[in-house]
Amino acid sequence: MDDLRGSLQARVPAALAAVLTVTAGLGVRAVLPGDFAKYAGDALYTVLLYTLVVLAAPRVRPVRAAALAAALSWAVELFQLTGLPDAWGRQSALARLVLGSTFNPPDLFWYLVGAGCAGLTHRLPRTVRAAAADEA
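Cut-offs used in this document
Residues numbered from 1 in each chain as written. Predicted model: local features only at pLDDT ≥ 70, side-chain atom pairs only at ≥ 80, totals over all residues. Heavy atoms only, no water. Salt bridge = Lys/Arg side-chain N within 4 Å of Asp/Glu carboxyl O. Helix = DSSP H or I, 4+ residues; strand = E, 2+ residues; numbered from the N terminus. Core = buried A, V, L, I, M, F, W, Y, C linked by side-chain atoms within 4.5 Å. Buried < 20%, exposed > 50% of the residue type's maximum accessible area, 1.4 Å probe, protein only. Contact = heavy atoms within 4.5 Å. Patch = residues over 30% accessible without salt bridge, like charges linked within 9 Å, V, L, I, M, F, W, Y side chains within 5 Å. Areas by Shrake-Rupley, 256 points an atom, 1.4 Å probe, with all protein chains shown as cover. Lys, Arg positive; Asp, Glu negative; His and termini not counted.

1. Comments concerning the pattern of salt bridges
What the rule picks out here adds up to four salt bridges. When the shortest N-O distance is used, the salt bridge between K38 and D42 registers 3.3 Å. Of this pair, K38 and D42 both sit in helix 2 (residues 34-56), four residues apart, roughly one helical turn. Put simply, K38, D42 and D107 are held in one network by salt bridges that share partners.

Structure below.
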């Protein structure tokens, strides 16, 4: 029973974070212009992958989840070099959202930013709890 409870305690916040991340990503792209919106969207893409990693493996450590989310983001970006995501994106808006269209080297940096921010945010409650325990 404790495994189920622990699993739910990790998955519920991850699911909420996924919904908020998608909302933020779509909102940033709709409201803000130019490079800021594009690169914020890149970082948020990796944050979404991070939340999906935590949903799939709720006991994953933040560093591993961040590394996996960044690696997946990089893999998708490098896959764009084949031209397939662009072709598929012309046929499907969903494919375009998930896979992008064209390779852009700066995106690789912003994926790392997103992974790092997600990892730090995931670790923050543990750090606060540890500090509180030290004070007690």
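Read on, since the account is not over.
2. What to know about the nonpolar core
Grouped together as the largest cluster of nonpolar side chains are 18 residues, with contacts concentrated most on Y45, Y50, V54, V60 and A65. Tallying contributions element by element places helix 2 first for this core, with six residues. What Y50 contacts, discounting residues up to four positions off in sequence, is P62, A65, A66, A69, A115, A118, G119 and H122.

3. Brief notes about the environment of Y39
Topologically, Y39 is positioned in helix 2. Look at Y39 and you get buried, because its relative accessible area is 17%. Here the alpha-carbon distance between Y39 and L108, two residues 69 residues apart in the chain, equals 9.9 Å. Not counting the four nearest positions on each side in its chain, Y39 is found in contact with N104, P106, D107 and W110.

4. A short note on a nonpolar patch on the surface
Among the surface-exposed residues, V22, L26, L94, L97 and V98 lie close enough to one another that they form a single nonpolar patch of about 470 Å² accessible area. Mapped by element, the contributors of at least two residues to the nonpolar patch are helix 1 (2-31) and helix 5 (93-99). Per element, the largest residue contribution to the nonpolar patch is three residues, and it comes from helix 5. Relative to the assigned elements, L94 resides in helix 5. A relative accessible area of 60% places L94 in the exposed class.

5. As for the side chain of E77
Positionally, E77 belongs in helix 3 (residues 62-79). Despite being buried, E77 has no salt bridge partner; K38 is the closest side chain of opposite charge, sitting 6.2 Å away. Residues contacting E77, with those up to four places away along its chain left out, are T102, F103, N104, D107, L108 and Y111.

6. Considering the environment of V113
Relative to the helices and strands, V113 resides in helix 6 (residues 105-135). Residue class for V113 comes out partly exposed when judged on its relative accessible area of 26%. When the C-alpha positions of V113 and A43 are compared, they lie 6.0 Å apart, and in sequence the two are 70 residues distant.

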